[in-house]
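# Results of the structural survey
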Amino acid sequence: VPVSEVTVRTSHDREIVDITVPIGEAVNAFAGEGLVCVSVPHCTCCVYVNENEDGLVEDILDTLQRVAGGAWRHDRIDSNAAAHIGASLIGNSVSLPLRGGRLVLGTWQRIMLVELDGPRRRTVHLTVLGA
Ligand code: ZN
C-alpha cells in the first residue's frame, strides 16, 4: 500500500527541513505518470521547492521575519501571528510531476518544509493523481 503521510519532527522554533528523501521514498510505489501534491495540514508551517544551501535557507527565514515579523492583532490571543503570516505567504502545498515512481526535480531543487512555530510533530500528506 503506498504511503500517503510522512511525519516530520522539527526541533527548533524556526527552521527549514529538507524532506525530499522521505517524500521520494513514499512515492516510489507509484509506477506510472502522474502528479503528486505535497501538503501540510498546519497553519504555522509551509512547504516550498528550492535549493538546500545553508546561506539561502537562512536568507529565506530572514526574509519571512522581515516581512512578517512585528506586532500583529493575532498576537493578542496566540503570540504567533508572524508564523501564520509567513506560512500564508509561502503556502501549504507544492505539486510535482511523477515519472515512473520518481519526483521530477531539477538538479538543485529540493522539497523544503518550513517550521515557523516549533518544535512540533508535523504531518506531510501526499496525494497522487494519475500514477
Ligand atoms: Zn495562532
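Just above sits the structure.
Structural notes, computed from the coordinates. Once a new chain begins, its residue numbering starts again from 1 and follows that chain's sequence as written. A pLDDT threshold of at least 70 governs which residues receive local features in this predicted model, and a stricter bar of 80 or more applies before side-chain atom pairs are shown or counted, although totals over entire chains, interfaces and linings include all residues. The side-chain figures draw on all heavy atoms in the structure; neither hydrogens nor water molecules are used.

### Concerning the coordination of the zinc ion
Metal donors: N, O and S atoms at distances within 2.8 Å, or within 3.2 Å for Na, K and Ca, with water omitted from the atom set so that some sites may seem incomplete. Around the zinc ion, the protein supplies His-74 (NE2), Asp-78 (OD), Asn-80 (OD1) and His-84 (NE2) as donor atoms, at distances of 1.9 to 2.2 Å. Expressed as a motif, the donor residue spacing for the zinc ion is H-x3-D-x1-N-x3-H. Residue His-74 is found in the loop between helix 2 (54-68) and helix 3 (81-90), and its partner His-84 is found in helix 3; the two are separated by 10 residues along the sequence. Partly exposed residues are those whose accessible area sits between 20% and 50% of the maximum for their type, while under 20% is buried and over 50% is exposed, using a 1.4 Å probe and protein chains only. According to the relative accessible area criterion, His-84 is partly exposed, its value standing at 21%. Secondary structure follows DSSP: runs of H or I at least 4 residues long count as helices, runs of E at least 2 residues long count as strands, and numbering of each begins at the N terminus.

### Details of the sheet that holds strand 8 (residues 121-129)
Strand pairing requires that DSSP identify at least two bridges connecting the strands. If you trace the five strands from one edge of the open sheet to the other, you get 1-8-3-5-6, paired in antiparallel fashion. Only two strands of the sheet have a single partner each, and these edge strands are strand 1 (5-9) and strand 6 (102-103). Sheet topology note: the strand 3 (residues 33-39)/strand 5 (residues 93-99) ladder contains seven bridges and is antiparallel. The residue of strand 5 that forms the bridge with Leu-35 is Pro-97. Where helix 1 (residues 20-27) meets the sheet, it contacts strand 1, strand 3, strand 5, strand 6 and strand 8, and its direction lies at approximately 40° from that of strand 8. Residues count as neighbours in contact if any of their non-hydrogen atoms are within 4.5 Å of one another. Axes here refer to lines fitted to C-alpha atoms; in helices the fit is confined to the stretch in contact. Angles between the N-to-C directions go from 0 to 180 degrees.

### A closer look at the side chain of Thr-44
Within the secondary structure layout, Thr-44 lies in the loop between strand 3 and strand 4 (45-50). The buried category is assigned to Thr-44, whose relative accessible area is 4%. Any pair of N or O atoms that falls within 3.5 Å is considered a polar contact. Within protein, one atom must be able to donate a hydrogen and the other to accept it, and sequence-neighbouring residues count only if both atoms are side-chain atoms. For Thr-44, the side chain forms a polar contact with the side chain of Arg-122, separated by 2.9 Å. Those residues in contact with Thr-44 that sit more than four places away from it in its chain are Asn-80, Ala-83, His-84, Ala-87, Val-114, Glu-115, Leu-116, Asp-117, Arg-120 and Arg-122.

### What about the pairing of strand 3?
Every other side chain in a regular strand lies on the same face of the sheet, so the side chains alternate between the two faces. Strand direction decides the pairing type here: strand 3 and strand 8, joined by five bridges, are antiparallel. Opposite Cys-37, over in strand 8, you have Thr-127 as the bridge partner.

### What about the pattern of salt bridges?
Each salt bridge in this description consists of a side-chain nitrogen of Lys or Arg and a carboxyl oxygen of Asp or Glu lying within 4 Å of one another. According to the stated counting rule, one finds four salt bridges in the structure shown. Between Glu-115 and Arg-122 there is a salt bridge whose closest N-O contact spans 2.7 Å. On the basis of relative accessible area, Glu-115 is assigned to the buried category, the value being 0%. Close ionic contact of Arg-120 with Asp-117 constitutes a salt bridge, the shortest N to O distance being 2.8 Å. Given a relative accessible area of 18%, Asp-117 falls into the buried group.

### Quick notes on the nonpolar core
Residues enter a nonpolar core if they are buried and are Ala, Val, Leu, Ile, Met, Phe, Trp, Tyr or Cys, with the set joined through side-chain atoms within 4.5 Å. Judged by nonpolar contacts, the single largest core of 21 residues is most densely connected at Ile-19, Ile-23, Val-38, Leu-103, Ile-111, Val-124 and Leu-126. Counting only elements with at least two residues in this core, the list comes to strand 1, helix 1, strand 3, strand 4, strand 5, strand 7 (110-115) and strand 8. Those residues in contact with Ile-111 that sit more than four places away from it in its chain are Val-17, Asp-18, Ile-19, Thr-20, Ile-23, Val-38, Tyr-48, Val-49, Val-94, Leu-96, Leu-103 and Leu-105. Of all hydrophobic cores here, the second largest spans 12 residues; its members include Tyr-48, Leu-61, Leu-64 and Leu-116.

By themselves, these observations are geometric and do not establish any function.
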